[in-house]
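# Residue-level structure breakdown
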Amino acid sequence: MVTREDILILGLTAGVVGSLVGGMMLGIGLGLVIGGQHLGWLMVLPAAPVAGMIGYVQARRLAKRL
């Protein structure tokens, strides 16, 4: 049975891990772009969707436990 605590922990972990992964992709990608490497855009553009996907995967894992 999924409790309120499980849902709260899911939200917190999804937010923290998503922010870390998305932020690192954004930072590294922008660093490459500023340094003249246009391939850095390949890291900058998908940063937000990748961060959101982490939360989605965690939510699906929690839903399987129901």
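Residues numbered from 1 in each chain as written. Predicted model: local features only at pLDDT ≥ 70, side-chain atom pairs only at ≥ 80, totals over all residues. Heavy atoms only, no water.

For the protein chain, an unreviewed UniProt entry supplies the name Major facilitator superfamily (MFS) profile domain-containing protein and the organism Falsiroseomonas oleicola.

Let us look at a nonpolar patch on the surface. The grouping of L26, L30, I34, W41 and L45 at the surface amounts to a nonpolar patch, some 530 Å² of accessible area in total. Inspection of the secondary structure assignment puts W41 in helix α2 (residues 41–44). (Patch = residues over 30% accessible without salt bridge, like charges linked within 9 Å, V, L, I, M, F, W, Y side chains within 5 Å. Areas by Shrake-Rupley, 256 points an atom, 1.4 Å probe, with all protein chains shown as cover. Salt bridge = Lys/Arg side-chain N within 4 Å of Asp/Glu carboxyl O. Helix = DSSP H or I, 4+ residues; strand = E, 2+ residues; numbered from the N terminus.)

In this model, the largest pocket occupies a volume close to 170 Å³. Elements with a minimum of two residues in the lining of the largest pocket: α1 (4–34) and α3 (47–64). The element best represented in the lining of the largest pocket is α1, accounting for four residues. (1 Å grid on protein atoms, 1.4 Å probe; cavity = no way out; pocket = protein on both sides within 12 Å on 5 of 7 lines; lining within 4 Å. Points joined across faces, edges and corners; volume = space filled by probe spheres on them.)

As annotated by UniProt and renumbered to match this structure, "transmembrane region" (unreviewed entry) occupies residues 7–33 and 39–57. End C-alpha atoms of residues 7–33 are separated by 38 Å, and the span's content is 100% helix alongside 0% strand. Between the end C-alpha atoms of residues 39–57 the distance is 27 Å, and the span holds 79% helix and 0% strand. (UniProt positions renumbered as here; feature names shortened; annotations may be inferred.)

Low pLDDT marks regions whose predicted coordinates should not be analysed in detail. Overall, the prediction assigns the protein chain a mean pLDDT of 88, with 100% of residues at 70 or greater. Summarising per-element confidence for the protein chain, the mean pLDDT is lowest in α3 (85) and highest in α2 (92). (pLDDT = per-residue confidence, 0-100.)

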